[in-house]
Amino acid sequence: MSSERLFGVKMRASQEGRHVSGAERIVPASRVAQTLAALADRALRHSKGEPDFINLKADAVGEVVRIPSLPVSTVEVADAAEGWARAEEMLKAAGVARAREVCGLFRETYSMRGAMLLDADTLERLEPNPERGVRATNMDSAVSSPANVKNHFAEALVLASKVLSAPGIVGEVCMSDDPNYVTGYVATRRFGYCRITKLKEPGDEAGGRIFLYRGRREDVAATIDYLERRAVVVETPSPDANAAPRRFDSLERELSEIAAAGLRRETRMVSSRSGCHIAVGGRTLVSFASNDYLGYASDAEVAEAAADAVRRHGTGSGASRLVTGTLTPHVGLERQIAAFKGSADSIVYATGYMANLGTIAALVGRGDVVLSDALNHASIIDGCRLSGADVVVYPHLDMDALDGRLASCRAYRRRLAVSDGVFSMDGDMLDLPRFLEVCRRHDAFSMVDEAHALGVVGATGRGLSERFACGHPDLMMGTLSKALGAEGGYVAGNASVVEYLRQRARPFMFSTAPDIAAMAGAAAALARLDGDPSRVRRLQANVRTFVAALAENGIAAKTDSAIVPILIGDECEAMRVSGELEKRGFLIPAIRYPTVAHGAARLRAAVRYDHGEEDLTAAAAAVAAAVRQHDD
Ligand SMILES: *Cc1c(COP(=O)(O)O)cnc(C)c1O
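Residues numbered from 1 in each chain as written. Predicted model: local features only at pLDDT ≥ 70, side-chain atom pairs only at ≥ 80, totals over all residues. Heavy atoms only, no water.

Within the protein chain, the regular secondary structure consists of 21 helices and 26 strands. Taken over the C-alpha trace, the protein chain has a radius of gyration of 32 Å; the compact-globule value for 632 residues is 26 Å, which it surpasses by more than 25%. Out of the 632 residues in the protein chain, the part that is buried amounts to 52%. For the protein chain, long-range pairs separated by at least 24 residues make up 71% of all intrachain contacts whose partners lie at least 6 apart in sequence. Entry remark: accessible area of the protein chain is about 27,800 Å², with carbon and sulfur atoms responsible for 52%. Both charge centroids of the protein chain, one from 76 positive and one from 81 negative side chains, sit 2 Å from each other. (Helix = DSSP H or I, 4+ residues; strand = E, 2+ residues; numbered from the N terminus. Rg over C-alpha atoms; globule rule 2.2 N^0.38 Å. Buried < 20%, exposed > 50% of the residue type's maximum accessible area, 1.4 Å probe, protein only. Contact = heavy atoms within 4.5 Å. Areas by Shrake-Rupley, 256 points an atom, 1.4 Å probe, with all protein chains shown as cover. Lys, Arg positive; Asp, Glu negative; His and termini not counted. Charge placed at Lys NZ, Arg CZ, Asp CG, Glu CD.)

Before going further, it helps to examine the sheet that holds strand 25 (residues 590-591). Spatially, 23-26-25 is the arrangement adopted by the 3 strands of the open sheet, whose pairing is antiparallel. Strands at the two margins of the open sheet, each flanked by one partner only, are strand 23 (563-569) and strand 25. Where strand 25 lies against strand 26 (residues 601-606), 2 bridges are found, and the strand directions are antiparallel. Bridging across to strand 26, Ile-591 finds its partner in Arg-602. With respect to the sheet, helix 20 (residues 571-583) is in contact with strand 23, strand 25 and strand 26, its orientation differing from that of strand 26 by roughly 35°. (Pairing = 2+ DSSP bridges. Axes fitted to C-alpha atoms, helices over the stretch in contact; angles between N-to-C directions.)

Time to look at unusual backbone geometry. In this chain, Tyr-593 is followed by Pro-594 through a cis amide linkage whose omega measures 5°. Along the chain, the position of Pro-594 falls in the loop between strand 25 and strand 26. Although it is not a glycine, Leu-123 sits at a positive phi angle of roughly 65°. Within the fold, Leu-123 resides in the loop between strand 6 (116-119) and strand 7 (139-141). Despite not being glycine, Ala-469 has its phi angle at roughly 45°, a positive value. By the secondary structure assignment, Ala-469 is in the loop between helix 15 (464-468) and strand 21 (475-479).

A separate point is the site of the ligand. Near the ligand there are 15 residues, and of these Tyr-353, Asp-449, His-452, Thr-479 and Lys-482 occur at the shortest range. Summarising the interface, the protein chains cover 85% of the accessible area of the ligand, which totals 380 Å² for the free molecule. Per-element accounting of the shell around the ligand gives the leading share, 3 residues, to helix 11 (residues 352-363). Looking at side-chain class alone, the shell around the ligand contains 2 nonpolar, 10 polar and 3 charged residues. (Near = heavy atom within 4 Å. Nonpolar A, V, L, I, M, F, W, Y, C, P; charged D, E, K, R; others polar.)

This part takes up the packing of helix 8 (residues 300-313) against helix 18 (residues 516-531). Where helix 8 contacts helix 18, the two axes come as close as 8 Å, and the packing angle between them is 140°. In this structure, the crossing between helix 8 and helix 18 has a hand that is right-handed. From helix 8, Glu-301, Val-302, Ala-305, Ala-306, Ala-309, Val-310 and His-313 reach across to helix 18, where they touch Ile-516, Ala-517, Ala-520, Gly-521, Ala-524, Ala-525 and Arg-528. Considering only residue class, the contact of helix 8 with helix 18 consists of 10 nonpolar, 2 polar and 2 charged. (Left-handed = near helix turned anticlockwise from the far one by under 90°.)

With that settled, consider the pairing of strand 20 (residues 445-449). Taken across its 5 residues, strand 20 has 4 buried, putting it largely inside the fold. In this structure, strand 19 (residues 415-420) lies alongside strand 20, joined through 5 bridges in parallel fashion. From the neighbouring strand, Val-418 faces strand 20, where its bridge partner is Met-447. Between strand 19 and its parallel partner strand 20, the chain crosses via helix 14 (residues 432-441), and the hand of that crossover is right-handed. (Right-handed = clockwise from strand over helix to strand, strands pointing away.)

Summed over all chains, the structure comprises 2 aromatic pairs. Ring plane angle 25° and centroid distance 5.4 Å describe the contact between Phe-288 and Phe-546, whose orientation is recorded as stacked. In this pair, Phe-288 sits in the loop between strand 15 (283-287) and helix 8 while Phe-546 sits in helix 19 (residues 534-552), placing the two residues 258 residues apart along the sequence. With respect to burial, Phe-288 and Phe-546 carry one shared label: buried. The ring of Tyr-226 carries the charged tip of Lys-162 above its face, separated from the ring centre by 5.7 Å. Lying over the aromatic face of Phe-468, Arg-467 brings its terminal NZ or CZ to 4.7 Å of the ring centre. (Phe/Tyr/Trp six-rings, centres within 6.5 Å; stacked < 30°, edge-to-face > 60°. Lys NZ or Arg CZ within 6 Å of the ring centre and 35° of its normal.)

Another aspect to go through is the pattern of salt bridges. Per the stated rule, a full pass over the model turns up 43 salt bridges. In this structure, Glu-235 engages Arg-66 in a salt bridge whose closest nitrogen and oxygen atoms are separated by 2.8 Å. You can see Glu-235 sitting in strand 12 (residues 232-235) and its partner Arg-66 sitting in strand 4 (residues 65-68), a full 169 residues away along the chain. You can call Arg-66 partly exposed: its relative accessible area is 45%. For Asp-610, the salt bridge goes to Arg-608, with nearest N and O atoms at 2.8 Å. Here the salt bridges share partners, and the residues they tie into one network are Glu-82, Arg-86, Glu-89, Arg-253 and Glu-257. (Salt bridge = Lys/Arg side-chain N within 4 Å of Asp/Glu carboxyl O.)

The residue Ile-347 is located in strand 16 (residues 345-349) in this model. For Ile-347 and Val-491, which are 144 residues apart along the polypeptide, the C-alpha to C-alpha distance reads 5.4 Å. Ignoring any residue separated from it by four or fewer positions in sequence, one finds Ile-347 in contact with Glu-334, Gly-489, Tyr-490, Val-491, Val-498, Leu-501, Arg-502 and Phe-508.

Further remarks concern the sheet that holds strand 24 (residues 586-587). If you walk across this open sheet you meet the 4 strands as 13-14-15-24, and the pairing is mixed. Edge strands, defined here as strands with exactly one partner in the open sheet, are strand 13 (270-274) and strand 24. Examined bridge by bridge, strand 15 and strand 24 share 2 bridges and lie parallel to one another. Its bridge partner being in strand 24, Ser-287 is matched across the sheet by Leu-587.

On to the domain arrangement of the protein chain, then. For the protein chain, the assigned domains are domain 1 (6-62), domain 2 (66-239 + 247-260), domain 3 (277-296 + 534-629) and domain 4 (300-530). The distance between the C-alpha centroids of domain 3 and domain 4 comes to 27 Å. Between domain 3 and domain 4, roughly 1,700 Å² of surface is buried when both sides are summed, and carbon and sulfur atoms account for 59% of that area. When the buried area of domain 3 at its contact with domain 4 is split by residue, Tyr-296, Val-536 and Asp-560 rank highest and sum to 35% of it. Where domain 3 meets domain 4, there are 1 salt bridge. Asp-426 is the salt-bridge partner of Arg-602, the closest N and O atoms lying 3.0 Å from each other. (Domains from an automatic or database assignment. Buried area = accessible area lost by both parts, 1.4 Å probe.)

Below you can see the structure in the form of structure tokens.
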């Protein structure tokens with residue numbers, strides 16, 4: 001629009017005092033006349049009936065605010081009941097706790113011309129005149145559309161965008177009073193403008209809108225002033241772009257479902273960490289949430305080794321391992337891991353996740369079978385799926401079941417049994433001697449994931465074989481990202497297994513070789529672990545102290561590792577207890593579906609070697625207090 005004076009041009013039409021239609025535009029002076037004519041034409045031809053009164057006016061408007069339009073999505077629903085259920089979920093996710101009441105109140109807006117303005121928390125009416133309501137007006141779209149044609153969607157989007165840009169407004173719910181127009185919408189800052197395909201049955205004349213306000217009472221007048229008088233032009237997407245966003249609709253719907261079910265996850269920024277203390281959200285907490293069991297992730301000597309390697313070799317490997325990406329730190333670390341684990345050789349991958357994915361998918365395929373513990377880590381599950389082999393899931397830690405299933409798998413070319421060594425959400429441990437005996441008897445490959453066992457289990461942290469003083473599985477998988485404080489994964493085994501993986505594992509072949517700093521950091525940490533097991537002993541003593549302190553506080557917990565699960569059950573309750581602990585200075589995260597089964601939500605405490613005795617006893621007391629707080 002030019003620097004010409006702008007006018008708000010409005011039309012309202014009625015028949016025997018009953019509202020028939022209304023529309024408005026913001027146009028430069030030179031277009032006022034033609035816009036008035038077009039709006040009059042529209043009033044005269046409205047489907048609701050011939051008006052006997054048409055009010056046309058044009059007011060000069062002051063400074064115009066330009067705002068972007070809300071993002072648009074559509075929720076397809078079968079009927080009005082489902083439509084309202086969705087509306088309620090979205091409002092809840094936007095923080096309106098009494099969403100159901102808001103939706104119920106809706107029926108009372110019947111015959112109001114304006115909108116109800118409600119306090120989002122108390123649901124008190126805030127309009128000075130409840131008969132009239134609040135009228136959002138003085139707005140237009142930056143993209144001009146013919147003034148004589150009604151486009152429900154474009155006009156509603158402009159209105160909702162203005163409403164949500166008003167100070168203090170957190171949401172709007174709208175249902176058209178046009179008996180033939182059943183689509184309504186919920187607008188929130190979080191989800192934007194969400195059309196709901198059915199909020200009423202055809203023929204229903206009810207309709208209206210509700211604005212939800214959160215803020216100080218003394219600021220309500222300014223909000224109403226903005227809604228009613230401030231001239232706003234909304235930059236709506238062009239008509240073509242308007243048609244496109246449908247592909248995002250299903251994503252947005254799913255996101256609102258996740259939030260409504262209490263399962264939305266957020267990343268939190270850790271601004272600093274020092275030993276077992278971390279700073280998040282402006283507070284320092286004692287962390288029970290880190291896998292850096294032995295403190296090597298922030299160890300000065302380890303960091304120096306990593307920095308030194310980067311200075312010598314640069315930041316990236318530049319190619320995959322099979323091309324020119326194999327540098328001395330890769331080879332050195334593979335030898336070191338093999339020596340530490342007592343195997344002939346090892347292969348390193350960029351992450352533990354890749355190690356499981358790549359190894360399982362390389363070793364078995366069509367015509368083969370994998371037997372997998374029901375509680376195995378997601379990376380094992382994904383590897384099984386990717387492999388194309390038949391997958392048989394056996395009950396958690398049930399070696400008789402494994403035995404039985406293997407007995408009926410003789411016809412397969414290859415059989416692979418795979419299990420976590422330490423289970424990452426329960427902290428319990430595989431009976432390795434039994435597992436190996438069963439696998440050998442059925443001539444099946446045995447693979448054990450020691451992500452949470454390396455540096456934790458066994459007198460010197462060598463893992464399950466040391467703990468049980470037994471032989472090795474064929475494939476000993478582990479990660480560099482936990483007790484070694486770096487990043488990367490490995491598989492240790494005999495020469496033919498490791499060589500086979502170098503020929504067949506796709507993440508090894510088709511992804512750039514692992515990060516140099518991670519290799520050197522892991523190597524330095526492993527050398528320290530190998531040379532001095534005192535941190536392992538401290539860690540193991542800390543676990544005993546923590547479990548005993550929990551027991552003294554009436555909380556039953558057991559573990560075979562440094563992971564101490566504290567079962568809660570309900571997802572929301574687990575979140576509450578975790579939040580309460582945070583207030584008390586402890587970060588003990590709640591673990592929810594899909595990481596664990598529905599209804600098996602828990603706190604998951606990971607003990608570190610550098611937790612002090614008082615950290616452990618105070619945390620145990622805080623857990624008990626936080627759990628009990630609810631029982632009162
Ligand atoms: C963490 C973990 C992995 C994945 O390791 P990353 O190095 O983090 O990718 C694999 N298996 C188990 C059991 C784990 O706990």
